[in-house]
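Structural description and commentary
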Amino acid sequence: MLTKETYRLYVRILKEELVPAMGCTEPISIAYATAKARAVLADEPISAKLEVSGNIVKNAKSVTVPHTDGMRGIQSAFVAGLVAGNADAELEVISHVMKEQIEEMKRVKETFPVEIVTPDDARIFDIGITLRSENHEAYVRISDAHTNVVCIRRDGNVLYENMPKDQERADKSILTVEDIIEFADCVQPQDVEETLDRQIAYNMAIAEEGLKNNYGANIGKVLLRSYQPDIKITAKAYAAAASDARMNGCELPVVINSGSGNQGITASVPVIVYARGMHCSKEKLYRALCVSNLITIHLKQGIGALSAYCGVVSAGAGAACGVAYLLGGRRSEVSHALVNALAIDSGIICDGAKASCAAKIATAVESGLLGLNMYYNGNEFFAGEGIVKHGVEDTIKSVSRLAHKGMRETDKEIIRIMLET
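Model, not experiment: these values are computed from the prediction. Position labels on residues start from 1 in each chain and follow its written sequence. Selection of residues for local features in this predicted model requires a pLDDT of at least 70, selection of side-chain atom pairs for listing and counting requires 80 or more, and totals for whole chains, interfaces and linings are taken over all residues. Side-chain descriptors were evaluated using all non-hydrogen atoms of the structure, hydrogens and water having been removed beforehand.

To continue, consider a positive patch on the surface. Here, patches come from residues exposed beyond 30% relative accessible area and free of salt bridges, joined within 9 Å for like charges and within 5 Å for nonpolar side chains (Val, Leu, Ile, Met, Phe, Trp, Tyr). The Shrake-Rupley method, run with a 1.4 Å probe sphere, supplies the accessible areas, and residue values consider only the shown protein chains as cover. A pair is scored as a salt bridge if a Lys or Arg side-chain nitrogen falls within 4 Å of a carboxyl oxygen belonging to Asp or Glu. A residue counts as positive if it is Lys or Arg and as negative if it is Asp or Glu; His and the chain ends are not included. The atoms used to mark charge sites are NZ of Lys, CZ of Arg, CG of Asp and CD of Glu. A cluster of like positive charges, contributed by Lys389, Arg401, Lys405 and Arg408, occupies part of the molecular surface. Mapped onto the secondary structure, Arg408 falls in helix α16 (residues 408-420). We call a residue buried when its accessible area falls under 20% of the maximum for its residue type, exposed when it is over 50%, and partly exposed in between, using a 1.4 Å probe and counting protein chains only. When its relative accessible area of 46% is taken as the criterion, Arg408 is described as partly exposed. Where helices and strands are cited, they refer to DSSP runs of H or I of at least four residues and of E of at least two residues respectively, numbered from the N terminus.

Residues Ile30, Phe78, Ile127, Phe183, Leu294 and Leu338 are the most contacted members of the largest nonpolar core, which totals 124 residues. Considering every element that reaches this core, the biggest residue donor is helix α11 (residues 282-303), with 11 residues. Only heavy atoms matter for contacts: two residues are in contact if any of them lie within 4.5 Å across the pair. Setting aside residues up to four positions removed in sequence, Phe78 forms contacts with Ile30, Thr34, Ala48, Leu50, Phe112, Val114, Ile129 and Leu131. The nonpolar core is taken to be a set of buried Ala, Val, Leu, Ile, Met, Phe, Trp, Tyr and Cys residues, with the residues joined through side-chain atoms within 4.5 Å. Of all hydrophobic cores here, the second largest spans seven residues; its members include Ile219, Ala237, Ala358 and Ala362.

Looking now at the sheet that holds strand β2 (residues 47-52). Two strands make a pair as long as DSSP finds a minimum of two bridges between them. Here we have six strands laid out as an open sheet, ordered β3-β2-β4-β5-β6-β7, and mixed in their pairing. Edge positions in the sheet fall to β3 (114-117) and β7 (157-161), since each has one partner strand and no second. Adjacent strand axes in the sheet meet at a mean angle of 10° when their direction is disregarded. Taken together, the six bridges between β2 and strand β4 (residues 126-132) define a ladder with antiparallel strand orientation. Across the sheet, the residue bridging to Leu50 is Ile129, located in β4. With respect to the sheet, helix α2 (residues 25-41) is in contact with β2, β4, β5 (137-143), β6 (149-154) and β7, its orientation differing from that of β4 by roughly 35°. Fitting a line to C-alpha atoms yields each axis, with helices limited to the stretch in contact; the angle taken between N-to-C directions then spans 0 to 180 degrees. Across the sheet, helix α4 (residues 74-84) touches β2, β3 and β4, and the angle it forms with β3 is around 130°.

Next up on the list: the side chain of Gln101. Among the structural elements, Gln101 can be located in helix α5 (residues 99-111). If sequence neighbours within four positions are ignored, Gln101 has contacts with Val83, Ala84 and His96.

As structure tokens, this is what we get:
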């Protein structure tokens, strides 16, 4: 049963998780750590060492860093943060870049000595930036989450270490599907309006930009040109187009979910498209977005920030739950849609952030909506069929176990394969 304390925590979770970010969040986190280190150094840097985990390599290797005139990869993210980063802006660290700074980035990338290593003992999400000047050295480490600075040193002196920033965040382990539905039913719109209005505005703006211009593989455009554009195709196309733009250098921000822009897009855009197509009220859209966002966060809680398990699977299932809510569904409809979607799609691998993420988003949205339509047609997957368990919460635990534990070796092999190219 939803208590007043749980209600407040759910509002807090939405405010903490649904924040703006510029570009793919892993390279942006590198830029943020670099800008932070530059501020600590307070001197002219002459060389650097980047220590990044394999999963950071995977998600930063192939994406275009925004405001860099098309530069890609880890070193590009580093030089963007070094030349133009504003550490106070966190995930919007390179939101304001001048033309002359872009030219400086290109020069620095060619001339600045940078050593990039992947430590054997790195955590799954781990970024360490060491900057050196003639007389000083600064070190900043981010671990476990995109802005979670765990260590700052200058000339070997510890300025900041193990501060409980991440621990102070709302406890997401309290999330349950039943309470999420109850929260959506009773939430006061003014408590979530600012957070969700920003998500609607940002994520739809980048979706429209992706459909208007040429980005990546143009998955959104392909969907609209190749199929009769009913509401389902439109929902998939808009979500894919937002990722098309985001993965390929668009300089518009997105509102993320669970540390990921692609997950923020997938959890929100299809629900918004359905709400507009159904002429739903703004209040009903807010409630449906509470469902889709919180269920996505609930699914990601047990999986972790980075994994071999593609995060948009969770977000696509969450979006289907939001659509189910718009259609009048509550606990039964949402739970069955969620279990069906997870049974269909779980196992899609994450092989890094890049243009093909847009196609995976389209697939995840398709599977989520298929799972919902299965329920409305009297069909479902039953406990004992593959990873499906009795009840939605036990199925979520099953997926978390698969992604967090079962796919560890898969993750390592994916990284090895990617580093061969």
